[in-house]
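Take a look at the letters that make up each chain.
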Amino acid sequence: PGREKWLRVSQLFQPLNLQAGGEAGWDGRAGEPTCRSQKLMVQGGLIHPASPGCYHYLPPALRAMEKLVRVMDEEMQGIGGQKLNMPSLSSAELWRASGRWDQMGPELFRLADRHGKGYCLGPTHEEAVTELVAAQSNLSYRQLPLRLYQVTRKFRDEPKPRFGLLRSREFYMKDMYTFDASEEAARQTYDLVCDAYRSLFDRLGLPFVKVQAATGSIGGTMSHEFQLPADIGEDKLVLCPEGHFAANVETLSREQTSCPTCGEKLTQTRGIEVGHTFYLGTKYSSVSNAVFYSPENKLQLAEMGCYGLGVTRILAASIEVLSTEDSIRWPSLIAPYQLCFIPPKRGSKEEEEGGALLERLYHHLADALPHLAGDSVLDDRTQMTIGKRLKDASKLGYPYVVVAGKRVREDPPVFEIWNQNAGEVLFLTKEGVIELLSKVQVP
């Protein structure tokens, strides 16, 4: 009892198709545009297509997603966020009141219940959360700011879903809605959330850029997008080479080709949108009458903001920008498993000794670094050579691979450690391995 049990690759529900080349053998519907992350995620058994724009998230992908959500929780709770959960089914009346039932057009998945009452599957929750806060009839300025957020499935009837999780019909999003007592306070909240987003992307090691953006169907008077520069990105961005200015081209007039601050010529790039922030003012609070009592005991409309992070989109976009054509590279913080152990090949000279030493190393690791014990897998496919399993491990992007090779027969035994993200191979004793891995973080 108390001993961690090996999680074995042979028992993982992760249907690998790592040899599939070109379009065939994976999510290849003829003529459909594809991208690196989609191909790697399907081949690596992370996602499986269910219907256009809808995917099964298989256990390793779900592990990565849950880690990402834990990092988001830390950042959101660090700025006073309180987590809740709102229904996916949203009443048509609410959306009609805000004017978005018609404005959203065919993007809304609409349905009616058996009594003929209209609903939509929520792509976002401004109406719902404002109605919830408006229902609190004795809200006082002392209870503000309110920073409420959730991580839930969202739905958007994309006309042409493509690029796997980058543009799908069903996806996970972290959405935060804030209620403040004044415009000044709401703008402070806006800066605070933007800083938390910066911190999140820095922790993930993702090269993001924050750009001025249009407010679109959500509305409000100020908006920014957090973009990961990438060739297949659907947004066109312009950036000042000195870093003074960045915008989505949809916000610019045609004439603007130079930086408004320093006059340098703006450069163009493409990006994948992974986060979006909006200052809403009283657009929604005035519709639902979301009010609070001021210090003078007068009723006042709450000033709002809303803030989205695409959870499944960040997963795919990070694979898109960090990986090579045939090997996944994860932000190490959210890799599904931090460690892969590779024992010797069946029938080799090292088989018996190497297998036992690897098991002993694993138990030492479980004692010294218990948080890593459940983050480790054993590639028990010992009918395959070490080289073949190493190649698979590289394609799947485990940050660390521990190999019991020829040098385990030395005194003291030496293990081969592949640090995938640094691209280096180390030869270490058991103590050296544990010291190296003590720096690994798991959210």
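Residues numbered from 1 in each chain as written. Predicted model: local features only at pLDDT ≥ 70, side-chain atom pairs only at ≥ 80, totals over all residues. Heavy atoms only, no water.

To keep things clear, this is the line we draw: UniProt positions are given in the numbering used here, feature names are shortened, and annotations may be inferred rather than shown by experiment.
As recorded in an unreviewed UniProt entry, the protein goes by the name Probable proline--tRNA ligase, mitochondrial, listed as coming from Ardeotis kori. The Subcellular location (unreviewed entry) comment attached to the protein in UniProt states, word for word, "Mitochondrion matrix".

So, unusual backbone geometry
Applied cut-off: Only DSSP runs of H or I reaching four residues or more are called helices, and only runs of E reaching two or more are called strands; each is numbered from the N terminus. Remark: exposure states derive from per-residue accessible area (1.4 Å probe, protein chains only) relative to the maximum for the residue type, with buried under 20%, exposed over 50%, and partly exposed in between.
For the peptide bond that leads from L144 to P145, omega is 0°, which places it in the cis range. As for its position among the elements, P145 is in the loop between α5 (126-134) and β7 (146-155). Look at the link from D411 to P412: it is a cis peptide, with omega at -5°. Looking at where P412 falls in the secondary structure, it is placed in the loop between β19 (400-403) and β20 (415-419). Despite not being glycine, N289 has its phi angle at roughly 60°, a positive value. Examined against the element boundaries, N289 turns out to sit in the loop between α7 (285-288) and β14 (291-293). One non-glycine residue, N297, lies in the positive phi region at around 65°. Mapped onto the elements of the fold, N297 is located in the loop between β14 and β15 (299-301). A residue is classified by how much of its surface remains accessible, and N297, at 59% relative accessible area, is exposed.

Thoughts on the sheet that holds strand β5 (residues 109-112)
Threshold: Strands qualify as paired when DSSP identifies two bridges or more between them. Lines fitted to C-alpha atoms define the axes here, with helix axes fitted over just the stretch in contact, and angles between the N-to-C directions of these axes take values from 0 to 180 degrees.
Strand order in the open sheet formed by 3 strands is β4-β6-β5, with antiparallel pairing between adjacent strands. Each edge of the open sheet carries a strand with a single partner, namely β4 (89-91) and β5. Pairs of neighbouring strands in the sheet enclose a mean axial angle of 40°, with direction left out of account. For β5 and strand β6 (residues 118-121), the ladder comprises 4 bridges, and the chain directions are antiparallel. Opposite F109, over in β6, you have L121 as the bridge partner.

Topic: the nonpolar core
Nonpolar side chains tend to gather and get buried jointly when the protein is soluble and globular. Put simply, the test is: The term nonpolar core refers to a set of buried residues drawn from Ala, Val, Leu, Ile, Met, Phe, Trp, Tyr and Cys, joined through side-chain atoms within 4.5 Å.
Grouped together as the largest cluster of nonpolar side chains are 53 residues, with contacts concentrated most on F201 and I314. Broken down by element, this core gets its largest block of residues, 9 residues, from helix α6 (residues 183-204). In terms of nonpolar packing, the next biggest core, distinct from the first, is built from 24 residues, L339, F341, L365 and L372 among them.

Looking at the side chain of S323
The following threshold applies: Contacts are assigned to residue pairs with any non-hydrogen atoms lying within 4.5 Å of each other.
Mapped onto the elements of the fold, S323 is located in the loop between α8 (311-322) and β17 (339-342). Excluding residues that lie within four positions of it along the chain, S323 makes contacts with R36, L40, S318, I328 and R329.

Observations concerning the domain arrangement of the protein
Heads up, the condition is: Domain segmentation is taken from an automatic or database assignment of domains. Buried area adds together the accessible area that both of two parts lose upon being put together, with accessible area traced by a 1.4 Å probe. What counts as a salt bridge is simple: a side-chain nitrogen of Lys or Arg found within 4 Å of a carboxyl oxygen of Asp or Glu. Two N or O atoms count as a polar contact when they lie within 3.5 Å, although within protein this holds only if one can serve as hydrogen donor and the other as acceptor, and sequence-adjacent residues are included solely when both atoms are side-chain atoms. By the convention adopted, Pro, Cys, Tyr, Trp, Phe, Met, Ile, Leu, Val and Ala count as nonpolar, Lys, Arg, Asp and Glu as charged, and the other residues, Gly among them, as polar.
If you check the domain split of the protein, you get domain 1 (36-322) and domain 2 (337-438). The distance between the C-alpha centroids of domain 1 and domain 2 comes to 41 Å. Contact residues are listed per partner, giving 4 residues for domain 1 and 5 residues for domain 2. Between domain 1 and domain 2, the buried area comes to about 350 Å², and carbon and sulfur atoms account for 42% of it. For domain 1, the biggest contributors to the area lost against domain 2 are G44, R63 and K67; these three give 84% of the whole. Here domain 1 is connected to domain 2 by 2 salt bridges. K67 is paired through a salt bridge with D375; the nearest N and O atoms lie 2.7 Å apart. Scanning the region where domain 1 abuts domain 2 turns up 3 residue pairs in polar contact (both at pLDDT 80 or more). Looking at the side of domain 1 that touches domain 2, its residues break down into 1 nonpolar, 1 polar and 2 charged.

Brief notes about the sheet that holds strand β21 (residues 424-428)
Taken in spatial order, the 5 strands of this open sheet run β18-β17-β19-β20-β21, and their pairing is mixed. Each end of this open sheet is capped by a strand with a single partner; those strands are β18 (376-378) and β21. For this sheet, the mean angle separating the axes of adjacent strands, direction not counted, is 20°. Sheet topology note: the β19/β20 ladder contains 4 bridges and is antiparallel. What sits directly across from V403, in β20, is E416. Each of β17, β18, β19 and β20 touches helix α9 (residues 351-368); the most contacted strand, β17, lies at about 155° to it. The strands touched by helix α12 (residues 430-437) within the sheet are β17, β19, β20 and β21, with β21 carrying the most contacts at an inclination of about 135°.

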